[in-house]
Structures are given as C-alpha cells and as structure tokens.
Amino acid sequence: MSATVTLGRRLAAEALGSGLLAAAVIGSGVMAQRLAGGNQAVALLANALATMAALYVLVAVFTPLGGAHFNPAVTLALRRAGGLSAREAALYISAQVAAMALGALLAHAMFGLPLLQVAQNSRAGRPLLLAEFVATFGLVLAIMLAARFAPQRIPALVACWIGAAYWFTASTAFANPAITVARALSDTFAGIAPADAPGFIAAQLAGALAASMVGNWLLRPAAAPR
C-alpha cells in the first residue's frame with residue numbers, strides 16, 4: 001500500500017471494493033438460482049466461480065490503494081500484527097460493513113427485487129460454525145504467509161481459497177463478518193437468517209484470531225544461537 005495514499009482515499013477504495021464484492025456474491029447467487037433450474041450444485045458452482053473472479057479482480061486493483069481487506073476479520077488480524085492503528089481499523093470495518101450492506105441493495109436493484117429484505121435461509125448448527133472457523137482461519141493465515149513470501153500472489157491465493165472453501169466447508173465459506181451482515185439483508189440464494197448471523201460472525205472472528213496467533217508464531221524470527 002502506497003504511503004502517499006491518504007486515509008480518505010484508502011477508505012473510499014475499501015468501501016468501493018467491499019460494496020462491489022457484496023454485489024457480486026449476492027447478484028451471482030440470484031442469477032445462478034434463476035438459471036440452474038433447481039439444481040443446487042450448479043447454482044453453487046456458478047456462485048463460487050463468480051465470487052472467485054470478482055475477488056481476484058477487486059483484490060488486485062484495490063490493494064495498492066487501500067490494502068483490499070474487504071473483511072473485518074482480515075482488518076483485525078492486521079491490527080493485531082501492528083499494521084493498522086485502532087482508529088484506522090475501526091474506520092476500515094465501518095466502511096466494509098456499510099458498503100457491503102449497500103452492495104446487497106445494489107444486487108437487489110439490478111435484478112428488480114425489493115431493496116429491503118430479511119433473509120430466511122437458515123444456516124444453523126455446530127458443523128456450520130466449525131466450517132466458518134476453518135474457512136476464516138485458512139483465509140487469514142494464507143494472507144499472512146503470502147504477505148511475507150509471495151505478496152504478488154495474494155489476489156489469486158485469496159480467490160482460490162474462497163472458491164475451494166465454497167465446496168469443502170458445510171457453510172459455503174462466508175469467512176467474513178461484513179458479508180455475513182450483507183447476506184442477512186438478502187432473502188436470496190446467498191442469504192443467511194439474521195438469527196444465525198451472530199454465530200457465524202463469532203466463529204469467523206475466532207478463526208481470524210487463531211490464524212493470527214499461528215501466523216505470528218510461524219513468522220517469528222528464530223532466536224539467535226548462544
């Protein structure tokens with residue numbers, strides 16, 4: 001991230017990327033459900049591929065401007081590592097949540113749906129919470145390690161992890177508290193009932209914290225021999 005980019009522009013980049021990502025996730029879910037003819041596997045595949053493509057583009061183009069977190073779990077992990085001040089982290093998270101909520105409205109508008117919705121799709125149970133922990137843990141750990149060893153590959157690595165986790169996790173890998181809020185505002189294929197959202201968010205934050213601890217340990221310089 002360039003040091004010459006002002007905080008205001010960084011937050012604008014973060015908001016733009018977050019909003020467009022939410023619109024891509026929810027909008028592709030609507031389109032997938034409409035065209036899949038009731039085949040849930042096809043719908044999920046289309047939703048996953050569109051999300052992967054959008055993630056890759058958005059992370060690639062917005063990283064030089066704002067860091068392209070698009071995710072409070074990532075922001076908090078970077079704050080814990082000392083990469084952001086408390087004020088910056090709070091502003092980033094506020095921008096992410098607000099923009100993703102607006103992204104949900106944008107997706108609804110593009111498909112002629114009611115703008116204000118409450119999701120009815122139940123996603124409850126311990127297996128799904130464990131899945132969210134694993135999805136977020138893997139995402140944050142991959143970003144931490146890639147930032148050290150292969151920063152130019154972060155867009156591809158983030159997109160590939162989320163695309164894979166759509167399929168190997170029971171929850172279809174939200175891995176993001178802000179997108180969880182946005183999905184709770186969308187009664188569509190990608191939605192989550194508001195009553196189930198707090199559990200997802202708690203699991204995501206726990207996964208991010210665990211990944212931060214493991215990542216810091218893995219990256220800690222070895223003690224000099226005596």
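Numbers given for residues are sequential positions, taken from 1 along each chain in its written order. Only residues with pLDDT of at least 70 are given local features in this predicted model, and only at 80 or more are side-chain atom pairs given and counted; all residues enter the totals for whole chains, interfaces and linings. Think of the side-chain values as coming from all heavy atoms in the structure, minus any hydrogens and water.

(A) Local environment of the environment of phenylalanine 62. Along the chain, phenylalanine 62 turns up in helix H2 (residues 40-66). Spatially, the C-alpha atoms of phenylalanine 62 and glutamate 14 are 7.5 Å apart, while their sequence positions differ by 48 residues. Per the convention used, a helix needs a DSSP run of H or I reaching at least four residues, while a strand needs a run of E reaching at least two, with both numbered from the N terminus.

(B) Inspection of the packing of helix H4 (residues 86-110) against helix H7 (residues 177-184) at higher detail. Angles here are taken between N-to-C directions and fall from 0 to 180 degrees, while the axes themselves are lines fitted to C-alpha atoms, restricted in helices to the stretch in contact. Where H4 meets H7, the axes come as close as 8 Å, and the angle between the chain directions of the two elements is 35 degrees. In this structure, H4 crosses over H7, and the sense of that crossing is right-handed. Where H4 approaches H7, its residues Gln96, Val97, Met100, Ala101 and Ala104 are matched on the opposing element by Ala178, Ile179, Val181 and Ala182. Nonpolar residues are Ala, Val, Leu, Ile, Met, Phe, Trp, Tyr, Cys and Pro. Charged residues are Asp, Glu, Lys and Arg, and all others, Gly as well, are polar. The class makeup of the residues in the contact of H4 with H7 is 8 nonpolar, 1 polar and no charged. Crossing chirality is assigned from the near helix's rotation relative to the far helix, an anticlockwise turn below a right angle marking it left-handed and a clockwise turn marking it right-handed. Throughout, a residue-residue contact means that at least one pair of heavy atoms, one from each residue, lies within 4.5 Å.

(C) Representation of the nonpolar core within the structure. Within the largest apolar cluster, 49 residues are counted, with the highest numbers of intra-cluster contacts made by Leu21, Leu55, Phe70, Met100, Val140, Ile179 and Ala182. If you list the elements that add at least two residues to this core, you get helix H1 (7-35), H2, helix H3 (72-80), H4, helix H5 (126-149), helix H6 (154-168), H7 and helix H8 (197-219). The element contributing the most residues to this core is H5, with 8 residues. Residues enter a nonpolar core if they are buried and are Ala, Val, Leu, Ile, Met, Phe, Trp, Tyr or Cys, with the set joined through side-chain atoms within 4.5 Å. Each residue's exposure class comes from its accessible area (1.4 Å probe, protein chains only) as a fraction of the maximum for that residue type: buried when under 20%, exposed when over 50%, partly exposed otherwise.

(D) Representation of the pattern of salt bridges in the model. Any carboxyl oxygen of Asp or Glu that lies within 4 Å of a side-chain nitrogen of Lys or Arg is treated as forming a salt bridge with it. Counted by the stated rule, this structure contains 1 salt bridge. Of the charged contacts in the structure, one is a salt bridge between glutamate 88 and arginine 10, with a shortest N-O distance of 3.2 Å. On the criterion of sequence distance, the pair formed by glutamate 88 in helix H4 and arginine 10 in helix H1 is long-range, its members being 78 residues apart. One exposure class covers both glutamate 88 and arginine 10, and it is buried.

(E) Up close: the environment of leucine 205. Among the secondary structure elements, leucine 205 is positioned in helix H8. Separated by 185 residues in the primary sequence, leucine 205 and leucine 20 place their C-alpha atoms 23 Å from one another. Sequence-distant contacts of leucine 205, that is, excluding residues within four places in its chain, are made with Leu76 and Pro177.

(F) Representation of a nonpolar patch on the surface within the structure. Distance thresholds for patches are 9 Å for like charges and 5 Å for nonpolar side chains (Val, Leu, Ile, Met, Phe, Trp, Tyr), applied to residues having over 30% relative accessible area and no salt bridge. Here the Shrake-Rupley method, with its probe set to 1.4 Å, supplies the accessible areas, and only the displayed protein chains count as covering residues. Together, Leu20, Leu106 and Met110 make up an exposed nonpolar region whose accessible area comes to about 280 Å². Positionally, leucine 20 belongs in helix H1.

(G) Broad picture of unusual backbone geometry. Backbone geometry places threonine 172, a non-glycine residue, at a positive phi of 60 degrees. Relative to the assigned elements, threonine 172 resides in the loop between H6 and H7. Threonine 172 gets classed as buried once you look at its relative accessible area, which sits at 13%. Even without glycine at this site, alanine 175 takes up a positive phi of about 55 degrees.

(H) Examining H7 more closely. Taken across its 8 residues, H7 has 7 buried, putting it largely inside the fold. Among the residues making up H7, those that are buried are Pro177, Ala178, Ile179, Thr180, Ala182, Arg183 and Ala184. Along its buried surface, H7 packs onto H1, H3, H4, H6 and H8. Structurally, the start of H7 carries an N-cap: the backbone nitrogen of alanine 178 is 2.8 Å from a side-chain oxygen of asparagine 176. Side-chain atoms alone can form a polar contact between residues adjacent in sequence; in general such a contact is a pair of N or O atoms within 3.5 Å, and within protein one must be able to donate a hydrogen while the other accepts it.

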